Amino acid sequence: MQRVVAGRYRTTSLLQRGQGVDTHLAMDLEGGDRPVVLKIAAGDSPAGAARRRLEHESAVLARLDHPNLVRLLDRG
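In this text, all values refer to a predicted model and were calculated from it rather than measured experimentally.

Draft legend 1. Broad picture of the overall build of the chain. If you tally the helices and strands in the chain, you get one helix and four strands. Taken from the N to the C terminus, the helices and strands of the chain come in the order β-β-β-β-α. Relative to a compact globule of 76 residues, whose C-alpha radius of gyration would be 11 Å, the chain shows 13 Å and is just as compact. Expressed as a percentage of its 76 residues, the buried residues of the chain come to 25%. If you take every contact in the chain between residues at least 6 apart in sequence, the share linking residues at least 24 apart comes to 20%. Summed over all atoms, the accessible surface of the chain reaches about 5700 Å², with 52% contributed by carbon and sulfur. Taking the 12 positively charged and 9 negatively charged side chains of the chain as two groups, their mean positions are separated by 3 Å.

Have a look at this one:
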């Protein structure tokens, strides 16, 4: 099922489900319809553990710049 996340990203397919996080292939509607990957914390994750893990992961990734790492475009 397609949906628009944060008014900007239209999901196209579910790539993976696991550890309280769903990973989706999506299109960035403001970025010229470029493909992106979204990680979304599942609503049923225990005590927000998945959300905290994603916040930590994105904070670390935002500080890194390397050709073998994905580039963080947005978070929130």
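Here the narrative resumes.
Draft legend 2. Quick look at helix α1 (residues 49–62). Helix length check: α1 (14 residues) gives 20 Å between terminal C-alpha atoms against 20 Å at 1.5 Å per residue, within 8%. Buried within α1 are the following residues: Ala50, Leu54, Ser58 and Leu61. Taken down its axis, α1 places every buried residue within 70° of arc, on the same side. In α1, the exposed positions that point more than 90 degrees away from the buried face belong to Arg52 and His56.

Draft legend 3. Spatial organisation of unusual backbone geometry. Backbone geometry places Ala6, a non-glycine residue, at a positive phi of 60°. Tracing the chain through its elements places Ala6 in the loop between β1 (4–5) and β2 (9–18). On the accessibility criterion, Ala6 (69% relative accessible area) is exposed. Within the chain, Asp33 stands out as a residue other than glycine whose phi angle is a positive 60°. Assignment of secondary structure puts Asp33 in the loop between β3 (21–28) and β4 (34–41). Classification of Asp33 as partly exposed rests on a relative accessible area of 38%.

Rules and cut-offs
Residue indices begin from 1 for each chain and proceed along its sequence in written order. In keeping with the model being predicted, local features are shown solely for residues with a pLDDT of at least 70 and side-chain atom pairs are shown and tallied solely at 80 or more, while totals for entire chains, interfaces and linings include all residues. Side-chain numbers come from the whole structure's heavy atoms, not from hydrogens or water. For helices the rule is a DSSP run of H or I covering at least 4 residues; for strands it is a run of E covering at least 2, with both sets numbered from the N terminus onward. With C-alpha atoms as the basis for the radius of gyration, the globule rule is written as 2.2 Å multiplied by the number of residues raised to the power 0.38. The cut-offs for exposure are 20% and 50% of the maximum accessible area for each residue type, with area from a 1.4 Å probe on protein chains only; residues under the lower value are buried, those over the upper are exposed, and the others partly exposed. Here, residues are in contact when the closest pair of their heavy atoms is within 4.5 Å. All accessible areas in this document rest on Shrake-Rupley with a 1.4 Å probe, and a residue is counted as covered only by the protein chains that are shown. Under the convention used here, Asp and Glu are negative, Lys and Arg are positive, and both His and the chain ends fall outside the count. Here the site of a charge means NZ on Lys, CZ on Arg, CG on Asp, or CD on Glu. Multiplying one less than the number of residues by 1.5 Å gives the expected span of a helix. Note that the arc is computed from the directions linking the helix axis to the C-beta atoms.

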